Amino acid sequence: MRLPFAASTRSSVGLEWELMLADRGTGDLAPRAPEILEELEERTALERFTVTGELLTNTVEVTSGVGHTVAEAVDDIADAIGALREETEPRGVELLCAGSHPFAQWYDQQVTDKTRYHTLIERTQWWGRNMMIWGIHVHIGVDDVEKVVPIVNALTVFLPHLQALSASSPFWAGERTGYASNRALVFQQLPTAGLPWQLETWGDFEDYLDDMVRTGVMADASEVRWDIRPAPKWGTVEIRACDGMSTLPELAAVAALAQTLVEHFSRLIDDGKPLPGIPAWYARENKWRAARYGLDAHVIVDREGTQRPVVEHLRETMEELADVALELHCAKEFASLETILATGGSSARQIAVAEAADGDLREVVQHLIGEFRGGPTLREHLAALRV
């Protein structure tokens, strides 16, 4: 199978952000996407951003246009949220994001009425119906198809860093799971999801797709649901490993890390230098550790099996790549990764609110709604709970 890889601007950025719709009074998920999207479709048709539906009717996805910088893509996302709020506010619907909703139940949710979604549920059954998960997708442009597979492999070394930074699903159906990212382990139950196969060339990827299509596993490349995958239609590498970010600045920070890493690896290839890599068994262990412990994880960072605290290794990486971030005009967003490290990320913040509220997960939802709006801070929310 010959698979064209579209032309794209090197290290350009595209963002996709899956958002929950929640009832303002109860905090529970609200199946209001179809009516909201119907109102938005014509009004936003000429915008750079898009607002679309997803598997469940409690979800909308906002997508940027192609940004030359992280800031440009983030501005598109902000515009999309502004347009979305014009429809959600009068309906009593709130927006929030995390890898999972703290207390919603899968059997209460409605599947969007599209053939592709009904086909997915028919095939995957219980696991498919349990896909109450929200994430982000970060696309970074790659200027040469022969770079794509090596960059995917190198990014796999940093998959636990990205997953730990975004971990935001410590609760599932009303229970504390003990995992910082329960979403990461739920999502990999779908066919073709999970870690990318460690291939060597674009031809290997074409052979993989040929096998999958010929045997009826998938219809086309869009059904490759790897944590990091080539996106031939857009000419990008797409990072899909992350839980849904709870705030727009955090989304921008992770996007800056993704853009900077891809550009760094592209330069190494241009200079004929080796890219980082680890065996598949280390990558699998790293994914589990990041899902379990989030930013408290110790991860394996090289082929020799060296283990490092993920926060420590991330800070070293940030120092190494700071000049690249500056050249890409995302230094501000890149530096704000430190804010995530300082707060422990969304997972830790949600747990702190739950503990302060004696386990009342409705307070966690209100915390997420407030964060998505830009305030109050965790400290302010905890202080209010103690009053």
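Basis of the calculations
- Throughout this document, residue positions are counted from 1 along each chain, in the order its sequence is written.
- Where totals are concerned, whole chains, interfaces and linings use all residues; where local detail is concerned, this predicted model gives features only for residues with pLDDT of at least 70, and gives and counts side-chain atom pairs only at 80 or more.
- Water and hydrogen atoms play no part in the side-chain values, which are based on all heavy atoms of the structure.
- Helix and strand assignments come from DSSP, with helices taken as H or I runs of at least 4 residues and strands as E runs of at least 2, each series counted from the N terminus.
- Here the globule rule is a power law, 2.2 Å times the number of residues to the power 0.38, and the radius of gyration is based on C-alpha atoms.
- When accessible area is computed with a 1.4 Å probe and restricted to protein chains, residues below 20% of their type maximum are described as buried, those above 50% as exposed, and intermediate ones as partly exposed.
- Think of each axis as a best-fit line through the C-alpha atoms, taken over the contacting stretch in the case of a helix, with angles from 0 to 180 degrees between the N-to-C directions.
- Working rule for angles: under 35 degrees goes down as roughly parallel, over 145 as roughly antiparallel, 65 to 115 as roughly perpendicular, anything else as oblique.
- Two residues form a contact once any of their heavy atoms are found within 4.5 Å.
- Under this grouping Gly is polar, as are all residues other than the nonpolar Ala, Val, Leu, Ile, Met, Phe, Trp, Tyr, Cys and Pro and the charged Asp, Glu, Lys and Arg.
- Take a side-chain nitrogen of Lys or Arg and a carboxyl oxygen of Asp or Glu: if they are within 4 Å of each other, that pair is a salt bridge.
- Note on aromatic contacts: the rings of Phe and Tyr and the six-membered ring of Trp form a pair at centre separations within 6.5 Å, being stacked when their planes are under 30 degrees apart, edge-to-face when over 60 apart, and tilted otherwise.
- Strand pairing follows a simple DSSP-based rule, namely that at least 2 bridges must link the two strands.
- A patch consists of residues exposed above 30% relative accessible area that lack any salt bridge, with like charges linked at up to 9 Å and nonpolar side chains (Val, Leu, Ile, Met, Phe, Trp, Tyr) linked at up to 5 Å.
- Note on areas: these come from Shrake-Rupley sampling with a 1.4 Å probe, and a residue is covered only by the protein chains present in the view.
- Positive charges come from Lys and Arg, negative ones from Asp and Glu, while His and the chain ends are left out of the count.
- One atom stands in for each charge, and that atom is NZ of Lys, CZ of Arg, CG of Asp or CD of Glu.

Details of the overall build of the chain
1) Next: Helix and strand counts for the chain stand at 15 helices and 13 strands.
2) Next: Expected size for 387 residues packed as a compact globule is a radius of gyration near 21 Å; at 20 Å, the chain falls within 12% of this value.
3) Next: Structurally, the chain occupies a C-alpha span of about 60 × 45 × 40 Å along its principal axes.
4) Next: Burial analysis of the chain (387 residues in total) assigns 57% to the buried set.

Observations regarding the packing of helix 13 (residues 345-356) against helix 15 (residues 378-386)
1) Next: Across the interface, helix 13 lies against helix 15 with an axial gap of 10 Å and an inter-helix angle of 10 degrees. What the angle tells us is that helix 13 and helix 15 run roughly parallel. Only L378, H381, L382 and L385 of helix 15 make contact with helix 13, whose side of the interface consists of R349, A352, V353 and A356.
2) Next: Within the contact of helix 13 with helix 15, the residues separate by chemical class into six nonpolar, one polar and one charged.

Description of the pattern of salt bridges
1) Next: Tallied over the full model, the rule gives 34 salt bridges.
2) Next: For D76, the salt bridge goes to R48, with nearest N and O atoms at 2.7 Å. Taken as a pair, D76 in helix 2 (residues 70-88) and R48 in the loop between helix 1 (33-43) and strand 2 (50-53) lie far apart in primary sequence, 28 residues in all.
3) Next: Through salt bridges with shared partners, a single network forms among R10, D143, K147, E263, R267, D270 and E327.

Structural notes on the side chain of T44
1) Next: Within the secondary structure, T44 sits in the loop between helix 1 and strand 2.
2) Next: T44 sits in the buried class, given a relative accessible area of 10%.
3) Next: With residues up to four places along the chain from it excluded, the contact list for T44 reads F49 and A83.

Considering the packing of aromatic side chains
1) Next: Here the structure, examined in full by the defined rule, presents 11 aromatic pairs.
2) Next: Ring geometry for W106 and Y107: centres 5.8 Å apart, planes at 75 degrees, overall edge-to-face.
3) Next: Look at W106 and you get partly exposed, because its relative accessible area is 24%.
4) Next: In this structure Y107 comes out as exposed when scored by relative accessible area, which is 55%.
5) Next: Seen in terms of ring centroids, Y179 and W288 are 6.2 Å apart; in terms of plane orientation they differ by 85 degrees. Their pairing is edge-to-face. One end of the pair, Y179, is in the loop between strand 7 (175-176) and helix 6 (182-187); the other, W288, is in helix 9 (residues 280-293), and 109 residues separate them in sequence.
6) Next: What links up through ring pairs into an aromatic cluster is the set F5, W202, F205, Y208 and W226.

Some words on the pairing of strand 10 (residues 228-231)
1) Next: Going residue by residue along strand 10, you find I228 and P230 tucked away on one face and R229 and A231 tucked away on the opposite face as well.
2) Next: Where strand 10 folds back onto strand 11 (residues 236-239) in an antiparallel hairpin, the turn is made up of four residues, including G235, whose phi is positive at roughly 70 degrees.

Some words on helix 5 (residues 159-166)
1) Next: Most of helix 5 sits inside the fold, with eight of its eight residues counted as buried.
2) Next: Listed in full, the buried residues belonging to helix 5 are L159, P160, H161, L162, Q163, A164, L165 and S166.

Notes on a negative patch on the surface
1) Next: Residues E38, E39, E41 and E42 make up a contiguous surface patch of negative charge.
2) Next: Note on placement: E38 falls in helix 1.
3) Next: Residue classification places E38 among the exposed positions, given a relative accessible area of 59%.

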